[in-house]
Amino acid sequence: MDKTGSYSQRIINAITENGNRLTPARQVIVETLVASNGHITADGLADQVRQTAPQVGRMTVYRTLDLLCELGQIRPIFQGTGAAHYVLLPEGSHHHLICIRCHRVIEFTHCTASDMAQALAAEHNFLVQSHLLEVHGLCTACQD
Ligand SMILES: [Zn+2]
Ligand SMILES: [Zn+2]
Ligand SMILES: [Zn+2]
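This structure is a prediction, so every number in the text was calculated from the model and none was measured. (Residues numbered from 1 in each chain as written. Chains lettered and ligands numbered in written order. Predicted model: local features only at pLDDT ≥ 70, side-chain atom pairs only at ≥ 80, totals over all residues.)

What follows is about the packing of helix 2 (residues 24–36) against helix 3 (residues 42–52). Viewed as axis vectors pointing N to C, helix 2 and helix 3 meet at an angle of 115°, and their least axial separation amounts to 10 Å. Helix 2 and helix 3 meet at a crossing whose hand is right-handed. When helix 2 is examined against helix 3, the residues Val28, Ile29, Thr32, Leu33 and Ser36 are found in contact with a partner set consisting of Leu45, Gln48, Val49 and Thr52. Tallied by class, residues from the contact of helix 2 with helix 3 come to five nonpolar, four polar and no charged. (Axes fitted to C-alpha atoms, helices over the stretch in contact; angles between N-to-C directions. Helix = DSSP H or I, 4+ residues; strand = E, 2+ residues; numbered from the N terminus. Left-handed = near helix turned anticlockwise from the far one by under 90°. Contact = placed C-beta atoms within 7 Å. Nonpolar A, V, L, I, M, F, W, Y, C, P; charged D, E, K, R; others polar.)

Here it is, written out as structure tokens:
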């Protein structure tokens, strides 16, 4: 299985392992979401899903995204105004530097927050599932 396929499968496993039914609609929504690489609104995803599966309604997309949030497979992010964008957590984490002026988003993967999360988890007897880190400020172009 290719990388995208196996990641879709992991999300699908999370759905079924938690006692939820895997419907054909849910399957196509997960596959479309992973293929899009996230950073997408519910409406944006619904539009993409409709191209391959016109029978899947918008409400089904909304409810599936809610379920995936509940299962910790995706997280909503809010960038100023407008609808939430959903990001994937392929390695259990996701990281952004966000420019508050031009709203540019810089992805980064090198992150030491896992150690901090584990230390906090030990202190609070908390079981860590994932982390989402946003750092806000001004990008190079916007510092002038
Ligand atoms: Zn900027
Ligand atoms: Zn991102
Ligand atoms: Zn991290």
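Next comes the rest of the write-up.
What follows is about the pairing of strand 4 (residues 93–99). Put simply, side chains in a regular strand alternate between the two faces of the sheet. As paired strands, strand 4 and strand 6 (residues 131–137) are joined by seven bridges and run parallel to one another. Along strand 6, the bridge assignment pairs His94 with Leu132. As paired strands, strand 4 and strand 5 (residues 105–107) are joined by three bridges and run antiparallel to one another. Across the sheet, the residue bridging to Ile98 is Val105, located in strand 5. Turn length for the strand 4-strand 5 hairpin, with the two strands adjacent in sequence and antiparallel, is five residues, and the turn residue His103 shows positive phi of about 65°. (Pairing = 2+ DSSP bridges.)

The biggest cluster of nonpolar side chains holds 18 residues, and the ones touching the most others in it are Ile29, Leu45, Val49, Val61 and Leu65. Elements with a contribution of two residues or more to this core: helix 1 (3–17), helix 2, helix 3, helix 4 (58–70) and strand 3 (85–88). Look past the residues within four positions of Leu45 in its chain and what remains in contact with it is Thr32, Leu33, Ser36, Ile40 and Val61. (Core = buried A, V, L, I, M, F, W, Y, C linked by C-beta atoms within 7 Å. Buried ≥ 20, exposed ≤ 12 C-beta atoms within 10 Å, placed from the backbone.)

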